[in-house]
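Observations on the model geometry
Chain by chain, the residues run as shown.
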Amino acid sequence: MIRINEITDKVATYIDKPDLELIQKAYIFTAQAHVGQTRLSGEPYLSHPMSVASILADMKLDEATVAAGLLHDTVEDTRTTIDEIEELFGEEVADIVDGVTKISKMQFESKAVAQAENIRKMILAMAEDIRVLMVKLADRLHNMRTLDFQPSVKQRLISQETLEIYAPLANRLGLHRTKRELEDLCLKYLKPDVYEQIDQGVASHHTSGQEYIDKVTGLISEMLKENDIKGRVAGRTKHRYSIYNKMLQQNLGLDQIFDLIAFRIIVGSLKDCYAVLGLIHSIWKPVTGRFKDYISIPKANMYQSVHTTVIGPDGERIEIQIRTEEMNRVAEYGVAAHWQYKEKGKKGSNRDAERFTWLRQILDWQRDLQDPREFMASLRIDLFQDEVYVFTPRGDIKELPEGATPVDFAYAVHSVVGDHCAGAKVNGRLVPLGTALKNGDRVEIITDNHRNPSRDWLKFVKTARAKTRIKQYIRTEERARSIALAKEMLEKEGRKLGVNYAKALKDGHVHKLAEEFSCQSVDELLSQVGYARLTPRKVLQKLYAMLHPGEKLAEKLADERKAAEAAPPEEPAKPAKKGEGIKLSGVDDVLFRFASCCNPLPGEPIVGYITRGRGVTIHSLNCPNIKGFETDRVISVSWEGVEDKPYPSKIRIVCRNFKGALSQVTALLTSDDVNISSGSFQSNMDGNAVMEFTVEVKDLQQLYGVLDKIRLVESVTEAVRVS
């Protein structure tokens, strides 16, 4: 088993004055927490966190990350809590351990190709600190190294998950060595016979040795120096999984794979690329058909380089790539990002490319720093923070925008599920439908065939799909209500004008009337009336002219009005009915009510809004709710013949809290003949009192008159109307 001083010695090689006490403390705590626990191999469980910490030290990560590597299983596998970790080791270490624990608890039941990409993004989104991913990958790497002790079924399951989720994550994070080892180990357990064949083939191929790489690298470097060309050379042996992929994709045998080893020469200019190519071909014979010039004809993803395969030293075939620094930068960080064109030919979005370019760059910067602590301490992932990834009850992943709710999730599952969404459970608990979902949530939708979309959902849903479906339902539903409202208005207005709308409809006259207004059907004509695009009177005037050719309705009404004015009144005028005092543009005798949100008062500007089957609601023109109204359902209204009655209004008064403050205010209200119908009184810590009353006034002038008087009281700091 690895010793703690081996880990601390590694850390001391790349950090100046490291906090080794933190790592030692984490080691002691972990040893005590896991005491008595063993792995399947029979080793003490402590060997696993020690190996994880050693891998992190090999990656040259800071002390907090190494300490978190030692502690990463304590919360999940022992009685230790995150609060204890934070108290003993600080918030930084606790956050990393907490992030690793959350990822480890996720169960990826669905491994479909389409789901794997979302799972990777979800893990990235959940890890607010990049070090969380480093620890998780180190944890997975050591588990893969010791997978021999697991049952064969579990070996395959873990390897498949690693191949689909964690190896691509390592690649995207720039951890190429980790990625290659994970892939090779996965191949070993998923296709042991293929792995054995490739492993033996590579072992027998002496070009795979480091000595050969050093030899060729030295020869090329010397050649560049002799010809006064500035450049650098790197060589690598292809790993087993990469060879297997090439055999699979090109249907080749191992003996047909010639480029088991590849060299990259990076020079200063385009001219030098071709100069080096000529020099390489002058000393080593090129293989026919193995030359590709991606500089003259770049790949569609902007990749540029010259590739050639030659018979190198000892008669072995080697692949050589030649490019400039700029071409190398584009290949590594640009549109042709490594993860995009190497992962089974799949393409990512340009937005994702930018994100992973940033990731790869920051990891390169970290490697260049003398002291990584300052850099790693301030580093936070900002990938996919505008997206959330949640589970269905079956374990599938749904990608939603940040702030998405259970209603968005319901519509993402199926439009019928969204339409009949009655409730939601998140992680087994009932939550309001407007609850914002978080990464990793498991969401279950409760449906009811009697429930339908609500206009209120539009206030919190985030996805275009949900908004479109809800609006579509509301339009359909409200069209039916507007048609019913139009029938009611036409019948009422028709009785006043002497036009029997119901009989005209039965006789087919309304169908002809619809054509007169260029409507395709009677329902379309009625919806125009219901949405206030046509007034009932305008429609009825044209219907009257159709029923009584040559006779004008306006003249008939004028004659009736003159006769009524000339006739002596038979009885005294009746008092105004409740609700009178409002005139609607072009409509009479329509059901309406005052909105309780703003309590409009006589004398202030007002508007009307045609509701669903409840007539017209009257709002103050300053009411904040009218911003969300559909403009084609807002109608012009005005005060007319206002009856002498009290109207409710809400006011708030803030004053110094002293004995008699309430009596001062109520006395002023009483003196202005303003009645208080309800109220509340609250004292604050700052020595002020807040009074909120619902008062009854005749009009806007009376309300503002009494508020002006209250403001003159010395102890009052605020007196306003509330809506």
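We now turn to the structure provided with this report. Nothing here was measured: the structure is a model prediction, and the numbers come from that model. (Residues numbered from 1 in each chain as written. Predicted model: local features only at pLDDT ≥ 70, side-chain atom pairs only at ≥ 80, totals over all residues. Heavy atoms only, no water.)

Let us look at the overall build of the chain. Helices and strands together make up the secondary structure of the chain, namely 29 helices and 20 strands. Expressed as a percentage of its 723 residues, the buried residues of the chain come to 47%. Residue pairs at least 24 apart in sequence account for 67% of intrachain contacts in the chain once pairs closer than 6 positions are excluded. In the form shown here, the chain has an accessible surface area of approximately 37,100 Å², with 50% of it arising from carbon and sulfur atoms. (Helix = DSSP H or I, 4+ residues; strand = E, 2+ residues; numbered from the N terminus. Buried < 20%, exposed > 50% of the residue type's maximum accessible area, 1.4 Å probe, protein only. Contact = heavy atoms within 4.5 Å. Areas by Shrake-Rupley, 256 points an atom, 1.4 Å probe, with all protein chains shown as cover.)

For the coordinates displayed, the defined rule picks out 20 salt bridges. For K709, the salt bridge identified is with D672, shortest N-O distance 2.7 Å. Of this pair, K709 sits in helix α29 (residues 700-711) while D672 sits in the loop between α28 (661-671) and β18 (675-683), placing them 37 residues apart in sequence. On the basis of relative accessible area, D672 is assigned to the buried category, the value being 18%. (Salt bridge = Lys/Arg side-chain N within 4 Å of Asp/Glu carboxyl O.)

To continue, consider the nonpolar core. Here is a general trend for soluble globular proteins: nonpolar side chains tend to be buried in one another's company. The biggest cluster of nonpolar side chains holds 70 residues, and the ones touching the most others in it are L56, I85 and V93. At nine residues, helix α9 (residues 130-145) tops the list of elements feeding residues into this core. Ignoring any residue separated from it by four or fewer positions in sequence, one finds V93 in contact with L22, A64, A68, L71 and I85. Residues L490, I618, L669 and V706 belong to the second largest nonpolar core, which totals 53 residues. (Core = buried A, V, L, I, M, F, W, Y, C linked by side-chain atoms within 4.5 Å.)

Here the focus is the sheet that holds strand β9 (residues 421-426). What the three strands build is an open sheet, ordered β10-β9-β11; its pairing is antiparallel. Edge positions in the sheet fall to β10 (429-431) and β11 (443-447), since each has one partner strand and no second. Going from strand to strand, the sheet's axes swing by 35° on average, the running direction of each strand aside. Contacts between helix α20 (residues 406-413) and the sheet are confined to β9, β10 and β11, with β11 contributing the most and set at about 80° to the helix. (Pairing = 2+ DSSP bridges. Axes fitted to C-alpha atoms, helices over the stretch in contact; angles between N-to-C directions.)

The next subject is the sheet that holds strand β17 (residues 647-656). Spatially, four strands are ordered β18-β19-β17-β20 in an open sheet, and the strand pairing comes out antiparallel. Of all strands in the sheet, those with a lone pairing partner are β18 and β20 (716-722), marking the two edges. Shown here is a sheet whose adjacent strand axes are inclined to one another by a mean of 15°, direction ignored. Sheet topology note: the β17/strand β19 (residues 688-697) ladder contains ten bridges and is antiparallel. In the sheet register, V654 faces β19, and the bridge partner there is V690. Across the sheet, α28 is in contact with β17, β18 and β19; its angle to β19 comes to roughly 20°. Packing against the sheet, α29 makes contact with β17, β19 and β20, and its axis sits at approximately 165° to β20.

With that settled, consider α20. Most of α20 is tucked away: six of the eight residues are buried. The complete set of buried residues in α20 reads P406, V407, D408, F409, A410 and Y411.

The next point concerns the environment of I283. Positionally, I283 belongs in helix α15 (residues 270-283). Classification of I283 by relative accessible area gives partly exposed; the value is 44%. C-alpha of I283 to C-alpha of M223: the two residues are 60 residues apart in sequence and 9.6 Å apart in space.

Attention now goes to the packing of aromatic side chains. A full pass over the atoms with the stated rule returns five aromatic pairs. Considering the side-chain rings of F29 and F89, the 5.7 Å spacing of their centres and the 85° angle between planes classify their relative orientation as edge-to-face. Of this pair, F29 sits in helix α2 (residues 20-33) while F89 sits in helix α6 (residues 82-89), placing them 60 residues apart in sequence. The same class applies to F29 and to F89, which are both buried. Ring geometry for W639 against Y647: centres 6.1 Å apart, planes inclined by 85°, an arrangement best described as edge-to-face. Each member of the pair, W639 together with Y647, is buried. Taken together, the aromatic side chains of F594, W639 and Y647 make up a single cluster linked through ring pairs. One Lys or Arg, K25, reaches over the ring of F89 and ends 5.4 Å from the middle of that ring. (Phe/Tyr/Trp six-rings, centres within 6.5 Å; stacked < 30°, edge-to-face > 60°. Lys NZ or Arg CZ within 6 Å of the ring centre and 35° of its normal.)

As a further point, take the packing of helix α24 (residues 509-516) against helix α26 (residues 536-547). When two helices pack together, their arrangement is given by the angle between the helix axes and the distance between those axes. Direction vectors running N to C along α24 and α26 enclose 120°, while the axes themselves pass 10 Å from each other. Of the possible angle classes, the one that applies to α24 and α26 is oblique. Viewed along their axes, α24 and α26 form a crossing whose handedness is right-handed. Listed contacts from α26 to H509, K512, L513 and E516 of α24 are V539, K542, L543, M546 and L547. (Parallel < 35°, antiparallel > 145°, perpendicular 65-115°, else oblique. Left-handed = near helix turned anticlockwise from the far one by under 90°.)

The backbone of N427 sits at a positive phi, close to 55°, despite the residue not being glycine. Looking at the secondary structure, you find N427 in the loop between β9 and β10. Accessibility expressed as a relative area gives 47% for N427, which makes it partly exposed. Phi is positive for N599, close to 45°, though the residue is something other than glycine. Mapped onto the fold, N599 is located in the loop between β13 (592-594) and β14 (606-610).

This part covers the environment of D19. With respect to the helices and strands, D19 occurs in the loop between α1 (4-14) and α2. The exposure class assigned to D19 is partly exposed, which follows from its relative accessible area of 36%. D19 sits 45 residues away from A64 along the chain, and the two C-alpha atoms are 8.9 Å apart.

Another aspect to go through is the pairing of β14. Counting buried positions over the five residues of β14 gives five, a clear majority of the element. Going residue by residue along β14, you find I606, G608 and I610 tucked away on one face and V607 and Y609 tucked away on the opposite face as well. Note that β14 and strand β15 (residues 616-620) share five bridges and pair antiparallel. In the sheet register, G608 faces β15, and the bridge partner there is I618. Across three bridges, β14 lies against strand β16 (residues 634-639) in antiparallel orientation. Pairing of V607 across the sheet is with S636, part of β16.

These figures come from the coordinates and say nothing about function on their own.
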